[in-house]
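# Residue-level structural notes
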Amino acid sequence: MTDETTGRLALAEQRARIALAAAGAMLVAGVLLMAAVLPAEYGVDPLGTGKLLGLTSLAQANAPTGGGGTAAEGPPPESLEPVRPGANTAQTIPLKQDSVTFKLGPFEGIEYKYRMEKGASMVYSWTSTGKVRFDFHGEPQGAPKGYAESYEMSEGQKASGSFFAPTSGIHGWFWENLSTDDITVTLTSTGFYASGIEFSADGQKPHELPNR
Amino acid sequence: MPASRRRQLLLGGLVLVALALLDGVAEAHGVSRRDASFVESIRGAAIGPFLYLGAKHMVTGYDHLLFLIGVIFFLYRLKDVLLYVSLFTVGHSLTLLGGVLGGIHANAYLIDAIIGLSVVYKGFENINGFQSFFGWQPNTRLAVLVFGLFHGFGLATKLQELALTQDGLVTNIVSFNVGVEMGQMLALTFVLIGLTWWRTRPGFLRHAFMTNTLLMTGGFLLVGYQLSGYMLSVQ
């Protein structure tokens, strides 16, 4: 056997070894991703292993729902049994509609909330021209000052949904501009709320809303 | 001090460092919630806290650490270690400062996926993948510099997640950057001690192939983790 053929054989062997290592690395990473990381981090469970190992509950616990900096000061004021609406939940107060726009400078924040009775509902949708951090939360009536319960806390440019007030009090959003540009946040909603309240650096400003 | 005693001390130290790193991993990468709410309460320049946050981010940042381990894995001379680490530092400092000050908002998921890819790249390079398959090796110094740029964008997105006030912005970013370098030096010291000791062992070269394959596995996992995060976020 010549030196050249030994060399070529050695190279072929080395190539096979490297290809095997790369493929093996990708395979192991893929399996770990599907079996553990996706269920635990995002609650996505393609193989069912997340449920089996209890990893999906980790994702739910990690999801930003529990109160942030402002919350968890003092105990909840009343027992907070969840509102379980049926297919139809009759409402007694007049239906209202609201559409508001806020201009936010760089890193500026604003808060806008609706006064709602326990069990009252609304559907909402908001969009922003830039990325914002938002916290959809409520302050139950009679709660200690600064107490808040978060319903959804995240970052993004839009969100929408339907909401049933778990307590009587004020419920709404805090938006904070995360960019260095001026942005606008536009909120549209329809629901069984009494009025809107705007909280900004300039203080509190009530929004009287006409009946639909 | 007898050699066996020294070895025991060294091993003990390494275990402690490993535990500290694991603790950081458990906290999830990024800036922890408690730190975040603290930073949001800061108005004006705060050198100390930002130095600390930068260092903490680096020491607990497994993606940056995996890449650095890959980079210095086969560097035996201190001169080379310093050269490559400097290139990495220049790269990530440029984009960290430029990204935050210039208001460049990169997508955190995609940047972190590229950082994962940099780990795969380094592992593949270390098992001689480029030479064997393509008969050609991209310039290793240039690669470290370019991937350094991406790591810097990653650091920038982490800082941008915090609502930084304009007041004292430059001081705070520079402090964070200096903290990153301090954390990097601290982590590198321990990695180098571990590697240097390991190289004196007979099994080093035999295990080097496997270790770099594991490095690639970690990199692929980071890529998958971040890309699926990206896809779920745009849905």
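Below is a short write-up of the structure. (Residues numbered from 1 in each chain as written. Chains lettered and ligands numbered in written order. Predicted model: local features only at pLDDT ≥ 70, side-chain atom pairs only at ≥ 80, totals over all residues. Heavy atoms only, no water.)

Secondary structure summary: chain A contains three helices and eight strands in total. Ordered by position in the sequence, the α and β elements of chain A form the string α-α-α-β-β-β-β-β-β-β-β. Expressed as a percentage of its 212 residues, the buried residues of chain A come to 39%. In chain A, the share of contacts with a sequence separation of at least 24, taken over all contacts with a separation of at least 6, comes to 75%. (Helix = DSSP H or I, 4+ residues; strand = E, 2+ residues; numbered from the N terminus. Buried < 20%, exposed > 50% of the residue type's maximum accessible area, 1.4 Å probe, protein only. Contact = heavy atoms within 4.5 Å.)

Let us now look at the interface of chain B and chain A. Residue-level contacts link 27 residues of chain B with 28 residues of chain A. Of the roughly 2400 Å² buried between chain B and chain A on both sides combined, carbon and sulfur atoms contribute 69%. Here chain B and chain A share four residue pairs in polar contact (both at pLDDT 80 or more) between them. The set of elements that each furnish at least two residues to the side of chain B that touches chain A consists of α2 (33–41), α6 (108–126), α7 (129–134) and α10 (204–234) of chain B. No other element matches α10 of chain B, which puts 11 residues into the side of chain B that touches chain A. A breakdown of the residues in the side of chain B that touches chain A according to their chemical character gives 13 nonpolar, 11 polar and three charged. (Buried area = accessible area lost by both parts, 1.4 Å probe. Polar contact = N/O pair within 3.5 Å; in protein donor to acceptor, adjacent residues only side chain to side chain. Nonpolar A, V, L, I, M, F, W, Y, C, P; charged D, E, K, R; others polar.)

This part covers the environment of L221 of chain B. With respect to the helices, strands and loops of the structure, L221 of chain B is situated in helix α10. C-alpha of L221 of chain B to C-alpha of G116 of chain B: the two residues are 105 residues apart in sequence and 7.6 Å apart in space. Once residues lying within four places of it in the same chain are set aside, the contact partners of L221 of chain B are A29, L32, L33 and V37 of chain A.

Before going further, it helps to examine the packing of α6 of chain B against helix α8 (residues 140–161) of chain B. All names here are of chain B. Where α6 contacts α8, the axes come no closer than 9 Å and their chain directions differ by 150°. It follows that α6 is roughly antiparallel to α8 by the angle criterion. In this structure, α6 meets α8 at a crossing whose hand is left-handed. Contacts between α6 and α8 involve A108, I111, D112, I114, I115, S118, Y121, K122 and E125 from the first element and T140, A143, V144, F147, F150, H151, F153, G154, T157 and K158 from the second. (Axes fitted to C-alpha atoms, helices over the stretch in contact; angles between N-to-C directions. Parallel < 35°, antiparallel > 145°, perpendicular 65-115°, else oblique. Left-handed = near helix turned anticlockwise from the far one by under 90°.)

Relative to the helices and strands, T213 of chain B resides in helix α10. In contact with T213 of chain B, not counting residues within four places along its chain, are A21 and A25 of chain A together with I127 of chain B.

We now examine a negative patch on the surface. Residue and element names in this part refer to chain A. Negative charge collects at one region of the surface, where E108, D181, D182 and D202 lie side by side. Mapped onto the elements, D181 comes out in the loop between β5 (169–177) and β6 (183–191). Since its relative accessible area comes to 49%, D181 is described here as partly exposed. (Patch = residues over 30% accessible without salt bridge, like charges linked within 9 Å, V, L, I, M, F, W, Y side chains within 5 Å. Areas by Shrake-Rupley, 256 points an atom, 1.4 Å probe, with all protein chains shown as cover. Salt bridge = Lys/Arg side-chain N within 4 Å of Asp/Glu carboxyl O. Lys, Arg positive; Asp, Glu negative; His and termini not counted. Charge placed at Lys NZ, Arg CZ, Asp CG, Glu CD.)

With that out of the way, let us pick up helix α5 (residues 78–101) of chain B. Between the first and last C-alpha of α5 of chain B there are 34 Å, a value that for 24 residues agrees with the 34 Å anticipated at 1.5 Å per step. G103 of chain B, located one to two residues past α5 of chain B, shows a positive phi value of around 65°. (Expected span 1.5 Å × (residues − 1).)

Residue and element names in this part refer to chain A. Applying the stated rule across the entire model yields 27 aromatic pairs over all chains. For the pair F102 and W175, a centre-to-centre distance of 5.9 Å together with 40° between the ring planes defines the contact as tilted. Note that F102 is positioned in strand β1 (residues 96–104) and W175 in strand β5, a separation of 73 residues in sequence. No difference in accessibility class separates F102 from W175, as the two residues are buried. (Phe/Tyr/Trp six-rings, centres within 6.5 Å; stacked < 30°, edge-to-face > 60°.)

With that out of the way, let us pick up the nonpolar core. If you look at the biggest cluster of nonpolar residues, it comprises 48 residues, and the most contacted ones within it are I72, L159 and M216 of chain B. Counting only elements with at least two residues in this core, the list comes to α1 (3–42) of chain A together with α3 (47–59), α4 (62–72), α5, α6, α8, α9 (169–199) and α10 of chain B. When residues in this core are grouped by element, the largest group, seven residues, is from α9 of chain B. Beyond its immediate stretch of four places on either side in the chain, L159 of chain B contacts F50, L96, V100, L164, I173 and F176 of chain B. Core analysis: the next-biggest nonpolar cluster, separate from the first, contains 25 residues, W126, A165, V185 and Y193 of chain A among them. (Core = buried A, V, L, I, M, F, W, Y, C linked by side-chain atoms within 4.5 Å.)

The next subject is the packing of α4 of chain B against α9 of chain B. Residues and elements named next belong to chain B. Look at α4 against α9: their axes get within 11 Å of each other, and the N-to-C directions meet at 45°. For the element pair α4 / α9, the angle class is oblique. As α4 runs across α9, the sense of the crossing is right-handed. Side by side, α4 and α9 meet where L65, L68, I69 and I72 of the first sit next to Q184, A187, L188, V191, L192, L195 and R199 of the second.

Residues and elements named next belong to chain A. Counted residue by residue, strand β2 (residues 109–116) has six buried out of eight residues, so it is predominantly covered. Here β2 runs beside β5; their pairing, made up of eight bridges, is antiparallel. Note that in β5 the partner of R115 across the bridge is I170. Pairing of β2 with strand β7 (residues 196–200) involves four bridges; the strand directions are antiparallel. Bridging from a neighbouring strand, Y114 pairs with G196 of β7. (Pairing = 2+ DSSP bridges.)

Structural measurements only, silent on function.
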